[in-house]
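Breakdown of the fold
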Amino acid sequence: LESYNLDRLRRYPDPVFGELRAKIAEINKTDSARIFVGNGSDEVLTLAARAFVDDDEAIGSCDPSYSLYKTLAAIRNVPFVPSPLGPGFTWQTPVVEANGVQVALFLLTNPNAPTSIRYPREIVSAFAKTFPGVVIVDDAYVDFADDSCMELATARDNTNVIVMRTLSKSFSLAGLRLGYCVGPEDLIEALYKVKDSYNVDALAQDVALAALSDLPWMRANAAKVCKTREETADALRRRGWDVPKSQSNFLFARPAHRPAAEIFEQLRRRNIFVRYFPGPNTGDRLRITIGTDADMTSLLNALKELDK
């Protein structure tokens, strides 16, 4: 902050994020008119639920997936329609209508959370072409993956796909609350119509611009996480755990010898925090976020103690 022009904070921020959108457009090889910036990706999702879903329509997503999606439907007071994944959390053709109600907005985290698995772009594209509503591909973890769906959003013939990104994961800027999305101009314009006047503050815009101007740092950061992720996954597999190939910054792992809920509690008592999601599809696994090498060593040592 020593070199930051604090005089900028006396004035209202740019309500349409001109400089930031220009940088995002440059990175994604598209036009500024196809970009919206939000106070975190969660705000983008909230505005999408407001802009793209009528009162007699529904919101859908894969199941399991990001828990906020169901909450958004409840806030919007519309039905939530889950689409169960196949064995091994594989892609299944989504449910687009339930009890006579049409899904108007389908929210697709890709790579998915909490499963860590990425769905191929070709499958997402084929689904979007047959889906009559809006598809938002939540790319929160994409910098840890080997492909993305951004080309679906920037394609000139695209009419219904929005791809969303965040600075919370690979840029290590979760406290900044900055997300953006790319999509057809008419859909992006609809988001601008329902947003607050100044939804992203000046400091957040400037920090985001600086971060997006240093992509080599982000890529090195993501590569470091991926290296630690693979080392941790291999170590868990050697212990007999089932660990699907992750395309995110976490593992969704099933313990070999003890229930996931029990290990979750034992780790918490040791001040090691992983995530546990009770339920028939998720209750046998733990979501393990990848930290530093020292963090993961502490986890593995604790698991070794629990195995005694």
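This report concerns the structure included in the present document. (Residues numbered from 1 in each chain as written. Predicted model: local features only at pLDDT ≥ 70, side-chain atom pairs only at ≥ 80, totals over all residues. Heavy atoms only, no water.)

**Observations regarding the side chain of Thr166**
With respect to the helices and strands, the residue Thr166 is situated in strand β7 (residues 161–166). Judged by its relative accessible area of 8%, Thr166 is buried. (Helix = DSSP H or I, 4+ residues; strand = E, 2+ residues; numbered from the N terminus. Buried < 20%, exposed > 50% of the residue type's maximum accessible area, 1.4 Å probe, protein only.)

**Here we look at the sheet that holds strand β9 (residues 250–253)**
Spatially, the three strands line up as an open sheet ordered β9-β11-β10, and their pairing is antiparallel. Each edge of the sheet is formed by a strand with only one pairing partner; in this case those strands are β9 and β10 (275–276). When β10 meets strand β11 (residues 286–289), the two strands line up antiparallel, connected through two bridges. Note on β11: the bridge partner recorded for Arg275 is Arg287. (Pairing = 2+ DSSP bridges.)

**Concerning the layout of surface pockets**
Each pocket or cavity is described by its volume, and for the largest pocket that value is around 680 Å³. Contributing to the lining of the largest pocket are 31 residues, with Ser65, Tyr66, Ser67, Ala113 and Pro114 lying nearest its centre. Elements supplying a minimum of two residues to the lining of the largest pocket: α2 (41–52), β2 (58–63), α3 (68–76) and β3 (80–84). Element by element, the count of residues in the lining of the largest pocket is highest for β2, at three residues. Broken down by class, the residue content of the lining of the largest pocket amounts to 13 nonpolar, 10 polar and eight charged. Taken as a whole, the second largest pocket spans an internal volume of roughly 450 Å³. Considering the residues around the second largest pocket, the lining is formed by 20 residues, among which Ile27, Asn28, Asp143, Arg165 and Arg219 are closest to the centre. Of all the elements in the fold, those that place two or more residues in the lining of the second largest pocket are α1 (18–28), α5 (150–154), β7 and α8 (215–238). In terms of residue count, the dominant contributor to the lining of the second largest pocket is α8 (four residues). Residue composition of the lining of the second largest pocket, by class: 10 nonpolar, four polar and six charged. (1 Å grid on protein atoms, 1.4 Å probe; cavity = no way out; pocket = protein on both sides within 12 Å on 5 of 7 lines; lining within 4 Å. Points joined across faces, edges and corners; volume = space filled by probe spheres on them. Nonpolar A, V, L, I, M, F, W, Y, C, P; charged D, E, K, R; others polar.)

**Details of the environment of Ala204**
Turning to its location among the elements, Ala204 is positioned in helix α7 (residues 202–212). Along the primary structure Ala204 and Gly175 are separated by 29 residues, whereas in three dimensions their C-alpha atoms are 9.7 Å apart. Not counting the four nearest positions on each side in its chain, Ala204 is found in contact with Leu176 and Leu178. (Contact = heavy atoms within 4.5 Å.)

**Quick notes on α1**
All of the buried residues in α1 are Leu20, Arg21, Lys23, Ile24, Ala25 and Asn28. For α1, the elements touching its buried residues are β1 (35–38), α5, β7, β8 (179–182), α6 (185–194) and α7. Of the residues flanking the end of α1, it is Lys29, one or two places downstream, whose phi is positive at about 55°.

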